[in-house]
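The residues making up each chain are set out below.
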Amino acid sequence: MTPEPSKVRRVIDLFVQIQLGTAGDQELAEIDELLRASEALRVLYLDLIHVASIAGDGIDRLDESTELGRLQQTEIDREVLAELLEEALRNRRLSDIRDKARSQLLADRALARVQAAVPAEPERDDNGPRVLVIPRSLVYGLAAASILLICSLFFLSRTDEPDAPDIVEQPAPAPVVQPPAVVAEVLDRYNDRWGVSINKYATSLLAGDYRLEAGFVRVRLNDGAEVLIQGPAHFQLQTNNSIGLDTGKLVAEVPPSATGFTINTPDARIVDIGTEFGVTAERETGRGSASTRLQVYQGEVRAAAKTNGAVVGEFMPLFEEQAIEIDSGKPPRRIEFNPDLHERDLYQVKLRPTLSQSAVWLRERPANIRLDGSPADHLQVFIERSNVLLKEDLPVDFNRQQSWPHSGTGKYQVRSGQRVDVYYLNLDSFGKSRLDIRTTIDFGRPILGVIAAGETLEQTDPLFASPDTKYPTSSYREGSNDSLPRGLDVLNDDDWAWVERDGQTLRLDIGTEHYVDQVRVLVEAIPVKAEDRGPKPE
């Protein structure tokens, strides 16, 4: 039965309301009742959905053989269909917007997964990073388009004729997500222990988030900046020329080719102008506060405070031996420069042995072996020479098979052709009647020989003594006729020394009165690479 024209117009009107999302519960109930009552209206409604899908091609594309075409020739006024197509065209445009938005959404989600590990490269100007603002009207339009899509998929089953085929929307293909790029190479590492899964022998590092629980790693970013990171540290390799540092210490050396190298901490942005500088980032557990300490060893650096990730205020320039501290939400403030705050040379770090509490490491060779002439509470240890090639056999007092004082002076030898690192140990008792020390020193490498007698120390001074250090002699106190040697005591059992079974740990139980106890230790040298800084092979 042909439906009444008024009902046809009402179905069209309700269809347009549903497409525009303005239909309420009453309109939905009305369209449901109309479609249940008439199969012709159901055919009309299904074809209206078809019209909406092809409306971009115009009314002339309507198939005359369809039920809608027959209704068009009879009951449905052509002006009404023209109005309907105009609405459908509008809906089609919204559908296109929806499709593009959906594709963009998929791309944005994929990009977000990458950006979670690779923060966006910061802008290299003083105005902070750019911010993408999405117009509110577009957000509302996309929401409306999503509603229209749901409405357009509504259909009713036909009882007497085969169902019209569903219109299946093919989702936009997901964009191809490129894997994180390699942004740095590992130059050197020492006792490094990582908090995430990482190949300990990897030579390349991807952009991403890293936790170095202990040890050291020295990396070179693609643009040329070299960074020595000291664990524990939580950092991000961001781009070819930028690093994020949440907590920990690092020292950066930046050549002219990498000028503009940037470090982002939670509360500071640091931009290099071609220099060497150190950064310490700290975070107070439980309170969410953070602080950044920056000090310049050479060249020029600029730094500014950050709040909620954005730079606030102006960049402050810093030059050699200047330092600042930036607390959360506060402007930078000048602080005292501390030359020993950061480890700057991984080669020197490797040379440093592990000392017990009774020994102290001296970063620099002392100008005078007595230091300031005051009594010492600890055994002082420093590297005397490194990577020395022995050109002939060298007499030593004992090695891993013997101990002091039972070994004979100069009785054992270290063979020629061996490269050695040489350490000097000094215990000064001036000002005290008696000083006793028990300590262990783990060199981390095989001990090749120990020189403990004053006579052997003086014999080996020409080979190993530092030219800028003043050493004592057998009778070095002015006006003194004493001729006691400067090495360990051989006259009684006050001094004991021996190498542990591991072959790399020296144990000392020594005491001294009025003078000094001194020991020279030769260990297997650390191989020197071309890129290593530190003492050159001798």
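All values reported here derive from a predicted model rather than from experimental measurement.

Thresholds applied
- Residues numbered from 1 in each chain as written.
- Predicted model: local features only at pLDDT ≥ 70, side-chain atom pairs only at ≥ 80, totals over all residues.
- Heavy atoms only, no water.
- pLDDT = per-residue confidence, 0-100.
- Helix = DSSP H or I, 4+ residues; strand = E, 2+ residues; numbered from the N terminus.
- Contact = heavy atoms within 4.5 Å.
- Phe/Tyr/Trp six-rings, centres within 6.5 Å; stacked < 30°, edge-to-face > 60°.
- Buried < 20%, exposed > 50% of the residue type's maximum accessible area, 1.4 Å probe, protein only.
- Salt bridge = Lys/Arg side-chain N within 4 Å of Asp/Glu carboxyl O.
- Core = buried A, V, L, I, M, F, W, Y, C linked by side-chain atoms within 4.5 Å.
- Lys, Arg positive; Asp, Glu negative; His and termini not counted.
- Polar contact = N/O pair within 3.5 Å; in protein donor to acceptor, adjacent residues only side chain to side chain.

Got a minute to help me understand the confidence of the model for the protein in this structure?
Atom-level detail of predicted coordinates should not be read off regions where pLDDT is low. Counting all residues, the mean pLDDT for the protein is 75, and 66% of those residues have values of 70 or more. When pLDDT is averaged over each helix and strand of the protein, the minimum, 39, is found for helix α6 (residues 136-152) and the maximum, 96, for strand β5 (residues 242-253). Note on residues 55-76: pLDDT is under 50 here. Beyond four places in sequence and across chains, it has 35 contacts. The low-confidence segment residues 110-167 (pLDDT under 50) makes 73 contacts with residues lying over four places distant or belonging to another chain.

Would you take a moment to explain unusual backbone geometry for this structure?
Along the chain, G231 connects to P232 via a cis peptide bond; the corresponding omega equals 5°. Its place among the elements puts P232 in strand β4 (residues 226-239). Backbone geometry at N191 places phi at a positive 50°, although glycine is not the residue there. Residue position: N191 is located in strand β1 (residues 182-194). In this structure, N387 is a non-glycine residue whose phi angle is positive, near 55°.

Looking at this model, I keep getting lost on the packing of aromatic side chains. Mind explaining?
One pair of aromatic rings is described through two measures. These are the centre distance and the angle between the planes. Within the structure shown, the criterion is met by nine aromatic pairs. Aromatic pair W194 and Y210: ring centres 6.2 Å apart, planes at 70°, arrangement edge-to-face. A residue pair is termed long-range when its members are at least 10 positions apart, and W194 in strand β1 and Y210 in strand β3 (residues 208-221) qualify at 16 residues. A single burial state applies to W194 and to Y210, both of which are buried. When the centroid spacing of 6.3 Å and the interplanar angle of 55° are considered together, the rings of W194 and F235 count as tilted. Of this pair, W194 sits in strand β1 while F235 sits in strand β4; the two residues are 41 residues apart in sequence, bridging distant segments of the chain.

Can you help me understand the pattern of salt bridges in this one?
Close approach of charged atoms allows side chains of opposite charge to pair. Inspection of the entire model under this criterion finds 20 salt bridges. Residues E30 and R10 are paired through a salt bridge, measuring 2.7 Å at the closest nitrogen-oxygen approach. Of the two residues, E30 is situated in helix α2 (residues 25-37) and R10 in helix α1 (residues 5-20); the sequence distance between them amounts to 20 residues. With relative accessibility at 27%, the residue E30 sits in the partly exposed group. D461 serves as the salt-bridge partner of R520, at 2.8 Å between the closest nitrogen and oxygen. Of this pair, R520 sits in strand β25 (residues 516-524) while D461 sits in helix α8 (residues 454-464), placing them 59 residues apart in sequence. In terms of burial, R520 and D461 fall into one category: buried. One salt-bridge network, held together by shared partners, links E185, R218, R220 and E226.

How should I be thinking about the nonpolar core in this particular structure?
Soluble globular proteins tend to bury their nonpolar side chains together. V227, F235, F261, F277 and L294 are the most contacted members of the largest nonpolar core, which has 39 residues in total. With residues up to four places along the chain from it excluded, the contact list for F261 reads L221, A225, V227, N241, S242, I243, A252, V254, I270, V271, D272 and F277. W404, A453, I510 and V519 belong to the second largest nonpolar core, which has 30 residues in total.

Please explain the side chain of D397 as it appears in this structure.
Positionally, D397 belongs in the loop between β17 (394-396) and β18 (403-404). Buried within the structure, D397 lacks any salt-bridge partner; R520 is the closest side chain of opposite charge, at an N-O distance of 9.3 Å. Polar contacts involving the side chain of D397 include one to the side chain of T456, which spans 3.0 Å.

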